[in-house]
Amino acid sequence: MSNTPVIAAVDGSDHSLRALEWARAEAVRHGSGLLVAHVLPDHAQLYAGRRASLHDSSQPAEFADPVRDWILALLGDGSRLPEGVTYEALEGSVPEALRVIGSQARVLVMGSRGRGGFASLLLGSSSRAVASTAACPVVVVPHAERSAGADADAQQSAGRVVLGLHAAETPDDVLAFAFTEAAVRGTTVQVVSAYAIPPSPTLMIDSPFAVIPPEGLADGGDGVPAEREMLRSQTERLAPLRERFPDVPVEQAAVPGDPAGRLVTASRAAALVVVGRHHPRRTAMSLPIGSVAHAVLHHAHGPVAVVPTLKDDS
């Protein structure tokens, strides 16, 4: 079993239960331990601080933790957890506590909204903050209302790991994560990149993207020049990954304009959508998470992995 755990962040809500189920399956796929983490609510943290400062031994040593009891009943026999599964109660703010514990994780999994989130929110503040700052990949599992059925366009991505790729800028860490996830699932990596084209009266903005296998990139094929150039750039960038993961099939797609909408569409049927955290040439005034990752996190219908790079942690 790997020493690097999969961490599931829970708070007892239905949203976090979906994240826990996803994290359990991920731990099994990778042969990793599962760490279930719960950031204690403010009143429990205040109780612990007050008891420690007053040294009042007449008070219980621990504040009741109903989430721990819920996890014991759900995963264990009511008194202990199964082998390979641990539980940890954390103190501090949710983003900071999860950022710290996630520093040694294979991946941190959480729901898109917590117990206190408004029903109208597409993405909770804690999920957004953790995905923007954690040192490990963060998988955000959307709530049930966003898990809509797949339409015809989304079926092109059914069961696949979908990678949003900027051929010139997406770091290697992001590509390696996507290929590793496809390898453990025995599925295909579908690579989606965007290319810029000048406005045209005949441009079909909402036309379905074409999925092209590597052998379809031979000279003389169909496609606008910008599209074919992007597909060739993809092919060059993906070559080391194909060599490293020879058993992982690869499909390539190039789309006009912003890729976020295509990734959201693909998320209806994909096993996982993988994006990098942000633009590598960010400045002090840049957002902590890129526009594509931001849009996909807010609107995706399935799990989204936001993968940091080594530069993020420097």
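Here the structure is shown first, and the text comes after it.
Residues numbered from 1 in each chain as written. Predicted model: local features only at pLDDT ≥ 70, side-chain atom pairs only at ≥ 80, totals over all residues. Heavy atoms only, no water.

Structural notes on the overall build of the protein chain
We count it as follows: By the criteria applied, helices consist of DSSP H or I runs no shorter than four residues and strands consist of E runs no shorter than two, each listed in order from the N terminus. Categorising residues by exposure relies on relative accessible area from a 1.4 Å probe, with only protein chains included: less than 20% of the type maximum marks a residue as buried, more than 50% marks it as exposed, and the intermediate range marks it as partly exposed. Each accessible area is a Shrake-Rupley estimate made with a 1.4 Å probe; only the visible protein chains count as cover when residues are assessed.
Looking only at helices and strands, the protein chain has nine helices and 11 strands in total. In the protein chain, which comprises 314 residues, the share counted as buried stands at 45%. When the accessible area of the protein chain is evaluated, it comes to approximately 15400 Å², of which 55% is carbon and sulfur surface.

Here's the deal with helix H9 (residues 291-299)
Let me state the cut-off plainly: Throughout, a contact is declared for two residues whenever any of their heavy atoms are within 4.5 Å.
Listed in full, the buried residues belonging to H9 are Ala-293, Val-296, Leu-297 and His-298. The secondary structure elements touched by the buried residues of H9 are helix H5 (125-133), strand E5 (138-141), helix H8 (260-266), strand E10 (272-276) and strand E11 (304-307).

Observations regarding the packing of aromatic side chains
How two aromatic rings sit relative to each other is given by the distance of their centres and the angle of their planes. For clarity, the threshold we go by: Ring pairs are drawn from Phe, Tyr and Trp, using the six-membered ring of Trp, whenever the two centres fall within 6.5 Å, and their geometry is named by plane angle: stacked under 30 degrees, edge-to-face over 60, tilted for the rest. Only when the NZ of Lys or the CZ of Arg is both within 6 Å of the ring centre and within 35 degrees of the ring normal is a charge said to sit over the ring.
If you walk through the whole model with that rule in mind, you get one aromatic pair. Relative to Phe-245, the ring of Phe-179 lies with its centre 5.7 Å away and its plane at 35°, an arrangement referred to as tilted. On the criterion of sequence distance, the pair formed by Phe-179 in helix H6 (residues 172-185) and Phe-245 in the loop between helix H7 (225-244) and strand E9 (250-256) is long-range, its members being 66 residues apart. Comparing Phe-179 with Phe-245 shows no difference in burial state: the two are buried. One Lys or Arg, Arg-29, reaches over the ring of Trp-22 and ends 5.5 Å from the middle of that ring.

Quick word on the packing of helix H1 (residues 14-30) against helix H3 (residues 66-75)
The cut-off we apply is this: To get an axis, a line is fitted to the C-alpha atoms, and for a helix only the part in contact is used. The angle between two axes follows their N-to-C directions and goes from 0 to 180 degrees. By definition in this entry, angles of less than 35 degrees are roughly parallel, angles greater than 145 are roughly antiparallel, angles of 65 to 115 are roughly perpendicular, and the rest are oblique. For a crossing to be left-handed, the near helix must be turned anticlockwise from the far one by less than a right angle; the clockwise case is right-handed.
Put simply, H1 and H3 touch, their axes get as near as 13 Å, and they point 45° apart. Considering the angle they form, H1 stands oblique to H3. Crossing angle aside, the handedness with which H1 passes H3 is right-handed. Residues Ser-16, Leu-17, Leu-20 and Arg-24 of H1 touch H3, and the partners they reach there are Trp-70, Ile-71, Leu-74 and Leu-75.

As for the pairing of E9
How we decide: Pairing between strands is defined by DSSP: at least two bridges between the two strands are required.
Counting buried residues along E9, six of its seven residues qualify, which places the element largely inside the surrounding structure. Pairing of strand E7 (residues 189-195) with E9, which is carried by seven bridges, proceeds in the parallel orientation. Residue pairing across strands places Val-189 opposite Val-250, the latter belonging to E9.

Some remarks on the nonpolar core
Keep this limit in mind: Grouping buried Ala, Val, Leu, Ile, Met, Phe, Trp, Tyr and Cys residues that are joined through side-chain atoms within 4.5 Å yields what is termed a nonpolar core.
In terms of nonpolar packing, the biggest core is built from 39 residues, with Leu-34, Val-36, Val-109, Leu-163 and Val-274 touching the most fellow members. Top contributing element to this core by residue count: H6, with six residues. Those residues in contact with Val-274, other than ones at most four positions away along the chain, are Val-161, Val-162, Leu-163, Gly-164, Val-174, Phe-177, Ala-178, Ala-305 and Val-307.

Focus on the pattern of salt bridges
Spelled out, the test is: The term salt bridge refers to a side-chain nitrogen of Lys or Arg lying within 4 Å of a carboxyl oxygen of Asp or Glu.
Across all of its chains, the model carries six salt bridges by this definition. Taking the shortest distance from any N to any O, the salt bridge between Arg-29 and Glu-26 comes out at 2.8 Å. Residue Arg-29 and its partner Glu-26 are both found in helix H1; the two are separated by three residues, about one turn of the helix. A residue is classified by how much of its surface remains accessible, and Arg-29, at 29% relative accessible area, is partly exposed. Residue Glu-26 is classed as buried on the basis of its relative accessible area, which comes to 1%. Here the salt bridges share partners, and the residues they tie into one network are Glu-26, Arg-29, Glu-181 and Arg-185.

Topic: the pairing of strand E6 (residues 161-164)
Put simply, the rule is: Viewed with both strands pointing away, a crossover whose connecting path from the first strand over the helix to the second turns clockwise is right-handed.
The two faces of E6 match: Val-161 and Leu-163 on one face and Val-162 and Gly-164 on the other face are all buried. Where E6 meets E7, four bridges bridge the pair, whose relative direction is parallel. Note that in E7 the partner of Gly-164 across the bridge is Val-192. After leaving E6, the chain enters H6 and then returns to the sheet as E7, a path that is right-handed. Note: E6 against E10, three bridges, orientation parallel. Bridging from a neighbouring strand, Val-162 pairs with Val-273 of E10.

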